[in-house]
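# Commentary on secondary and tertiary structure
Single-letter residue listing:
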Amino acid sequence: MQISAAVALQYLLPKRLLTLLAGKVANCRGGAVTHALIRRFVRHYEVDMSEAAAPSIESYATFNDFFTRGLREGTRPVEAATFVSPVDGCISEVGTIEQYRIVQAKGHSYTVHALLAGDDRLSQNFHQGQVAAIYLAPKDYHRVHMPCDGRLVRMIYVPGDLFSVNPETAQRVPGLFARNERVICVFESGHGTFAVVLVGATIVGSMSVVWHGVVCPPRARKVREWHYGDQSVVLRKGQEMGRFLLGSTVILLFPEKTLNILAHWGPEKSVRMGEAMSL
């Protein structure tokens, strides 16, 4: 497959440095300059500020505050289904995990083992399991919520590349989601073990979770792990669990035959947080 100029450039650019700089700008309290940047972003990406809990651009001290903005009460009702979408975004893949392999895009796949940082025991939970991957565009709401009830048992930070995760890049960079930086959150539930994987990308300045705070930065050079088995970190369906800065991807992994995925859930469909994913 021919690589576009935009994707080829990503191999050459200092992605880590760009992400560091973007993080500093996003955290800067620049007053009128920050507000002008937010206005330009809102116009360019057609962000619907009428949904925001604070619709006035002047109410945001930093770009990060704007980007991780909350929504008005009732804007995202959580449906009564057992499993719901954890984010606003566009489905990039949904279906069965065949022989531990997940389809990334036409002609590209990656293994559960690689996505989960080589953890054999954890990977075994998802043999012939089910997956849903949802891409968050810059215009989307960037808080991540629980797809179902769960008790947190582990969190794993995996260092990696910082390629963009937009659809064009996903079609042209092999193993993209298993090579980018990511945070793996492992839960136990009445349906068995499931994982919520937050995948970083270029200019994604930080990923945070509600039980820990900011996981990255700082960006470590080796895998880090936290265990919560002796704690009672229980999150309910629809409850906020984490946040992204700028666009990225959330990947859900479930055991075999856990989800009865709704027929209209398929690649390229736009979904909203709280929308039913499975009966």
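The structure this text deals with has already been given above.
The sections below set out a description of the structure shown in this document. (Residues numbered from 1 in each chain as written. Predicted model: local features only at pLDDT ≥ 70, side-chain atom pairs only at ≥ 80, totals over all residues. Heavy atoms only, no water.)

The next subject is helix α3 (residues 32–45). In this model, α3 (14 residues) spans 20 Å end to end at C-alpha, consistent with the 20 Å of a helix rising 1.5 Å per residue. Turning to α3, its buried residues number three or more, namely T34, H35, I38, F41 and V42. Looking straight down α3, one finds that the buried residues subtend no more than 120° of arc, so they occupy a single side. Across α3 from its buried face, at more than 90 degrees, point the exposed residues A32, V33, R40, R43 and H44. Looking at the buried positions of α3, the neighbouring elements they touch are α4 (63–67). Phi turns positive one or two residues past the end of α3, at E46, with a value near 55°. (Helix = DSSP H or I, 4+ residues; strand = E, 2+ residues; numbered from the N terminus. Expected span 1.5 Å × (residues − 1). Buried < 20%, exposed > 50% of the residue type's maximum accessible area, 1.4 Å probe, protein only. Arc of directions from axis to C-beta. Contact = heavy atoms within 4.5 Å.)

Below, the discussion takes up the nonpolar core. Counting 39 residues, the largest nonpolar core has F187, L198, W211, M241 and V250 as the members making the most contacts within it. Other than its neighbours up to four places away in sequence, L198 contacts V144, E181, R182, V183, M207, S208, V209, F244, T249 and V250. Core analysis: the next-biggest nonpolar cluster, separate from the first, contains 22 residues, Y110, V112, A133 and V153 among them. (Core = buried A, V, L, I, M, F, W, Y, C linked by side-chain atoms within 4.5 Å.)

The residue F83 is located in strand β1 (residues 83–84) in this model. Owing to a relative accessible area of 1%, F83 belongs among the buried residues under this scheme. Remark: the alpha-carbon pair of F83 and C148, spanning 65 residues in sequence, is separated by 5.2 Å. Not counting the four nearest positions on each side in its chain, F83 is found in contact with P147, C148, H191, F254, T258, L259, E275, A276, M277 and S278.

Checked against the element boundaries, H127 lands in the loop between α6 (120–123) and β5 (130–136). Sequence-distant contacts of H127, defined by excluding residues within four places in its chain, comprise Q99, Y100 and E256.

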